[in-house]
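Per-entry structural report
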Protein chains: 2
Amino acid sequence: MMQIIHSLSTLTRSLALTALLALSVHANAQTDPLPSWNDGPAKQAIVTFVKDTTTQGSPKFVPPAERIATFDQDGTLWVEHPMYSQVMYILESVPALVKAKPELAKVAPFSTVLEILKGDRAAIAKLTLPDLEKLAAATLTGMPVDTFNAEAKKWLAEARDPRWKKPYTELTYLPMQELLKYLRASGYKTWIVTGGGQDFVRTYAEAVYGIPPEQVIGTAGGTTYGYDTSGKPFLTKEPKLLLNDNNAGKPEGIHLMIGRRPVMAVGNSTGDQQMLEYTHGGDGARLSMLVLHDDAKREYAYGPAQGLPATKVGTFTQALYDEAKKQGWTVISMKNDWKKVFAFE
Amino acid sequence: MMQIIHSLSTLTRSLALTALLALSVHANAQTDPLPSWNDGPAKQAIVTFVKDTTTQGSPKFVPPAERIATFDQDGTLWVEHPMYSQVMYILESVPALVKAKPELAKVAPFSTVLEILKGDRAAIAKLTLPDLEKLAAATLTGMPVDTFNAEAKKWLAEARDPRWKKPYTELTYLPMQELLKYLRASGYKTWIVTGGGQDFVRTYAEAVYGIPPEQVIGTAGGTTYGYDTSGKPFLTKEPKLLLNDNNAGKPEGIHLMIGRRPVMAVGNSTGDQQMLEYTHGGDGARLSMLVLHDDAKREYAYGPAQGLPATKVGTFTQALYDEAKKQGWTVISMKNDWKKVFAFE
C-alpha cells in the first residue's frame, strides 16, 4: 500500500512537472523565435515556410525525416571579410611550418606569407590560387587527424578578428543562430555545407552552432589508416581532394553525405547557386535564401550585386541576384532584415 | 470562465495521457529489450556496455552526442550467402542492359552473366573482380540518381532469395534489429558502414532498419551535377570511386562521413577488422563485436575460423578470430547466442 501511495505521489509530482513543461512550451510558442529579425519579407518567408512544412494536414507538410536544411558557412553564418577564417589559419600556421623546415623561409609562397604576417597586408594580393593550394596542402595535411584537430582548436581559441578583436567563433550572425534553433525546434536537421575544410569546421561547429560533426559537409580530403609504434590505429590527413564543396560540388557533396535533397538552403555567394537550385528543384515546399551583405556600418558591404562594392571573397554577382528574383529565392538584406547582427552588439 | 474550464479539461486529458505514457515507458523498461538473444556472454556484454555508457555518473558514461554505433550490413544485419544481394542486383540488371545494347550479348563478362541467369550457377565462379567492377560500372552508374533509386527499389520489391523465397529485405536478423532499436532507445545514433554501394543501401535502410540515408556509409562513387532539357537540376552517377568502404576504407569512411570515432562497432568478416580496431582504439568504454556464422541449420555456416567451411563471401579467418580473443572483442555465435534468427521463424 505504501508502495502504491509512494508511486502515486511520484506520479503526481511528475504530472505537475509535465503540466509546468506543457505551459512553458505553450508560452514559448507565443514567443517570437526570431527576435533579431525585423518584420519583413525574409522573416515572413521563414515563418510561413516553417508553419507550412510542419503543420499536420497542411498541403505542404514535410515528414520530420525529410526536414533537411543546409547552410553555407562563410558569409552566411559568420563573417568572411576581410578574409575567410580558414585562410587566416593557413597563413598563421606558416611560421610554425617554417620553424620546422627552415629551408621554406626563402621559398614562395611561404616567403610571401611571412611578409604578409609581418604587416604587409598588400602582399596578400600576390597569392594565387595555386599558391593557396600549396599552402593548404602544407598546413592542413600530412599530420594525424587528432593533431590537426588540436592545432585548429588552439588557433581558434587564440586568434582574433582584426576589426572586432574577438575570436572568429564569436562573429556568428545572431539572426542565423536564431534561425538554426528555430528550425531544429521545428524538427529540422540543420547541416553546414561549406566550401571551407570539413575537418576544420567540424572542430567548432558543435560548440558554435549546435551542429554535430556528422552534419558538417565541406571540402574534404582523403585520410590514410595506419598504426603508431604501439600498434594504436590512427588516420593521417592526405593531400588528396575527395570533394571540392563549392558550386556544383555542393549538391554533389549533399548527395554523398546526406543522400536526399534538402527542402531549405541558405547561402550568400555564387558558390551557393547550385545548392539553391538543387534544393529548389525538388517537389513541394522549398525555401532558398541568400544573405546580401549591404551593411557597411554594422558588418561589410559587398556584391557587386545592387551596386555594392565588388569582392573576390564571397562574391554575390548581379546575375545571382537576378536569378534569385526570377526563381523566387529570398534575398536577406543584412541592413533591413536584421535588427541585430551580432550577439555582442 | 468556460475557456478556463475547457483549458483545464484539455489539460486533465493531456495529463491522463501523459500518465499512461509514463506507465507504459516504465513497463517497457522492465521488458527485455533483446528477447531474441539467449542469456550468455554476448547479450551480457551488450547490456553491460549500454548500462555503463548511459548511466549518469558511471565512470564509463558517454555523452549522448558521442554515442555512435556502426554496423556492417552484409552478414552482420542480413544474410549475405550464397551471394551479396547487391551482386544479385548487378547480375539481374544485365538482361535489361543487353536489351538496350544488344551488342553486349556476346561480350564477356555480360555473356557470362546471361549464362549464370539461365541457370548455370557454376559460371558465377568464372567472374573475376575486374569482371564485377565492369558489371558494376555498367549497371550502377551512367544514369540519374533518381532513375537508379527507382530501379533498385523495384528490384528489391520483386527479387527473391533462392533459399527462403522471400524478399532480401525480410532476411534481416531479428536479434540485430532488436539491438539497433535498443541502442537508439538508449540515445545511440546507429550507422551502417558497408562495403556495399552507398546509394543502393540507402534506398531501403530507413524502411528496413530505421536508419536514415544520411547514416548509411558505403562504397561511394562520384556524381555530376547537370540540368535536364527543362533546366531542372539533377545528379548523374559516375564510375568514379570516391570511397572503397572495406578494410581500411571503413575507418576512412567513418572519418569522412561522421567525423568522430564510434564507441561501438559490429561486423562479421575480415573487411570489418579495421573498423573494429579503430573503434576499440579510442578512450573509455568500447564494444567491438563480430558475428560468427556457425548455424548451418537456421542460416549458414562459414569461416574458415573455428573449422567452419571456407568462403569467399564474408570470410571470417582464424586470424581474425584470434585477434578478437586477444583484443577482447565479443564473438557472437549465431547458433548459441541467438534464440531466433529471423522474424518469420
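Owing to the predicted nature of the structure, the values given are computational and were not obtained by experimental measurement.

Further remarks concern the nonpolar core. Of all hydrophobic cores here, the largest spans 71 residues; its most connected members are Phe71, Met176, Tyr209 and Met264 of chain B. Setting aside residues up to four positions removed in sequence, Phe71 of chain B forms contacts with Leu77, Met176, Leu179, Leu180, Leu183, Thr190, Trp191, Ile192, Val193, Met264 and Val266 of chain B. In terms of nonpolar packing, the next biggest core, distinct from the first, is built from 70 residues, Ile46, Val87, Ile192 and Val266 of chain A among them.

Residues and elements named next belong to chain A. For the peptide bond that leads from His81 to Pro82, omega is 0 degrees, which places it in the cis range. Relative to the elements of secondary structure, Pro82 occurs in the loop between strand S1 (68–71) and helix H3 (85–92). Looking along the chain, the bond that leaves Ala108 and enters Pro109 is cis, with omega of 5 degrees. Relative to the assigned elements, Pro109 resides in the loop between helix H4 (94–100) and helix H5 (110–117).

On to the pattern of salt bridges. In this structure the tally under the stated criterion is 24 salt bridges over all chains. Of the charged contacts, one joins Lys154 of chain A and Glu158 of chain A as a salt bridge, the two residues approaching to 3.7 Å between their closest N and O atoms. Of this pair, Lys154 of chain A and Glu158 of chain A both sit in helix H7 (residues 145–158), four residues apart, which is roughly one turn of that helix. Residues Lys154 of chain A and Glu158 of chain A agree in their burial class; the two are exposed. Taken together, the shared-partner salt bridges connect Lys189 and Arg260 of chain A together with Glu206 and Glu214 of chain B into one network.

Once that is clear, we can look at the interface of chain B and chain A. Opposite the 41 residues of chain B that make contact, chain A presents 42 residues. Taking both partners together, chain B and chain A bury about 3600 Å²; carbon and sulfur atoms supply 56% of that area. Among the residues chain B hides against chain A, the three largest losses belong to Glu214, Tyr225 and Leu256 of chain B. Together they make up 18% of the total. Taken together, chain B and chain A are joined by six salt bridges. One salt bridge in this structure joins Arg260 of chain B and Glu214 of chain A, with 3.2 Å as the shortest N-O distance. Run the count over chain B and chain A and you get 26 residue pairs in polar contact (both at pLDDT 80 or more). Every element with two or more residues in the side of chain B that touches chain A is listed here: helix H1 (2–30), helix H7 (145–158), strand S2 (189–197), helix H9 (198–202), strand S3 (216–227), strand S4 (233–243), helix H11 (249–257) and helix H12 (273–280) of chain B.

On to the packing of aromatic side chains, then. This structure, assessed with the given rule, holds 32 aromatic pairs over all chains. Aromatic side chains Phe342 of chain A and Phe344 of chain A sit 4.9 Å apart centroid to centroid with 5 degrees between the ring planes, which places their arrangement in the stacked category. On the basis of relative accessible area, Phe344 of chain A is assigned to the partly exposed category, the value being 30%. Their ring planes at 85 degrees and their centres at 5.9 Å tell us that Phe200 of chain B and Tyr204 of chain B sit as a pair that is edge-to-face. Note on accessibility: Phe200 of chain B and Tyr204 of chain B belong to one class, buried. A network of ring pairs unites the aromatic residues Trp37, Trp164, Tyr173, Tyr300, Trp338, Phe342 and Phe344 of chain A as a single cluster. The ring of Phe344 of chain B has Lys166 of chain B lying over it, and the distance from NZ or CZ to the ring centre is 4.6 Å. The ring of Phe148 of chain B is capped by Lys237 of chain B, whose NZ or CZ atom sits 4.5 Å from the centre of that ring.

By a simple turn and slide, chain B fits onto chain A: the slide is 0.0 Å along the axis, the RMSD is 0.0 Å, and the turn is 180 degrees. Taken together, the turn and the small shift mark the pair as related by a two-fold rotation axis.

It is worth spelling out the pairing of strand S7 (residues 330–333) of chain B at this point. Here S7 of chain B shows no split at all, with Thr330 and Ile332 of chain B on one side and Val331 and Ser333 of chain B on the other all buried. Handedness of the strand S6 (residues 287–292) of chain B-helix H13 (residues 318–327) of chain B-S7 of chain B crossover: right-handed.

Residues and elements named next belong to chain B. Their axes nearest at 9 Å, the elements helix H3 (residues 85–92) and helix H6 (residues 129–140) cross at an angle of 70 degrees. Regarding the angle of H3 to H6, the classification is roughly perpendicular. Residues Gln86, Val87, Tyr89, Ile90 and Leu91 of H3 pack against Leu132, Leu135, Ala136, Thr139 and Leu140 of H6. A class-by-class count of the residues in the contact of H3 with H6 yields eight nonpolar, two polar and no charged.

Glancing now at the pairing of S2 of chain B. Residues and elements named next belong to chain B. Counting buried positions along S2 yields seven of nine residues, so the element is predominantly enclosed. Bridging between strand S1 (residues 68–71) and S2 involves four bridges; their strand directions are parallel. Its bridge partner being in S2, Ile68 is matched across the sheet by Lys189. Bridge count for S2 against S3 is three bridges, and the pairing is parallel. Across the sheet, Gly197 pairs through a bridge with Thr219, a residue of S3.

The subject of this paragraph is the side chain of His293 of chain A. Residues and elements named next belong to chain A. Tracing the sequence through the fold places His293 in the loop between strand S6 (287–292) and helix H13 (318–327). A polar contact of 2.8 Å, which involves the side chain of His293, links it to the side chain of Glu299. Discounting chain neighbours no more than four positions away, the residues touching His293 are Gly75, Glu80, Tyr173, Asn268, Glu299, Tyr300, Ala301, Tyr302, Leu308 and Met334.

Moving on to the confidence of the model for chain A. Residue and element names in this part refer to chain A. Residues with a pLDDT of 70 or more make up 91% of chain A, whose mean pLDDT is 92. For the stretch residues 1–12, pLDDT sits under 50, and the model shows one contact to residues farther than four places along the chain or on other chains. Every residue in residues 19–27 is under pLDDT 50, and counting partners more than four places away or in other chains gives one contact. Interface scoring of the predicted complex returns ipTM 0.90; its pTM is 0.91.

Quick look at the sheet that holds strand S4 (residues 233–243) of chain A now. Residue and element names in this part refer to chain A. The mixed open sheet is built from seven strands, whose spatial order is S4-S3-S2-S1-S5-S6-S7. Of all strands in the sheet, those bounded by a partner on one side alone are S4 and strand S7 (330–333). Ignoring which end each strand starts from, the neighbouring axes of this sheet average 35 degrees apart. Both strand S5 (residues 264–267) and S6 contribute to a ladder of four bridges, which runs parallel. The residue of S6 that forms the bridge with Val266 is Met289. Along the sheet face, helix H2 (residues 41–54) touches S5, S6 and S7 and points at about 155 degrees away from the line of S6.

Now for helix H11 (residues 249–257) of chain A. Working note: α-helix, 3.6 residues per turn, so residues spaced by three or four point in the same direction. Residue and element names in this part refer to chain A. Among the nine residues that make up H11, nine are buried, leaving the element largely enclosed by the rest of the structure. Inspection of H11 places Gly249, Lys250, Pro251, Glu252, Gly253, Ile254, His255, Leu256 and Met257 among the buried residues, and these make up the whole buried set. Residue Gly259 follows H11 closely and has a positive phi angle near 85 degrees.

So, on to the environment of Tyr321 of chain B. Residue and element names in this part refer to chain B. Mapped onto the elements of the fold, Tyr321 is located in helix H13. Among the residues examined, Tyr321 registers a relative accessible area of 13% and is labelled buried. Between the C-alpha atoms of Tyr321 and Ala305, which are 16 residues apart in sequence, the distance is 6.4 Å. With residues near it in sequence (within four places) discarded, Tyr321 still touches Leu292, Ala305, Gln306, Phe316 and Val331.

The rules behind these values
- Residues numbered from 1 in each chain as written.
- Chains lettered and ligands numbered in written order.
- Predicted model: local features only at pLDDT ≥ 70, side-chain atom pairs only at ≥ 80, totals over all residues.
- Heavy atoms only, no water.
- Core = buried A, V, L, I, M, F, W, Y, C linked by side-chain atoms within 4.5 Å.
- Buried < 20%, exposed > 50% of the residue type's maximum accessible area, 1.4 Å probe, protein only.
- Contact = heavy atoms within 4.5 Å.
- Helix = DSSP H or I, 4+ residues; strand = E, 2+ residues; numbered from the N terminus.
- Salt bridge = Lys/Arg side-chain N within 4 Å of Asp/Glu carboxyl O.
- Buried area = accessible area lost by both parts, 1.4 Å probe.
- Polar contact = N/O pair within 3.5 Å; in protein donor to acceptor, adjacent residues only side chain to side chain.
- Phe/Tyr/Trp six-rings, centres within 6.5 Å; stacked < 30°, edge-to-face > 60°.
- Lys NZ or Arg CZ within 6 Å of the ring centre and 35° of its normal.
- Least-squares fit on C-alpha atoms with pLDDT ≥ 70 in both.
- Right-handed = clockwise from strand over helix to strand, strands pointing away.
- Axes fitted to C-alpha atoms, helices over the stretch in contact; angles between N-to-C directions.
- Parallel < 35°, antiparallel > 145°, perpendicular 65-115°, else oblique.
- Nonpolar A, V, L, I, M, F, W, Y, C, P; charged D, E, K, R; others polar.
- Pairing = 2+ DSSP bridges.
- pLDDT = per-residue confidence, 0-100.

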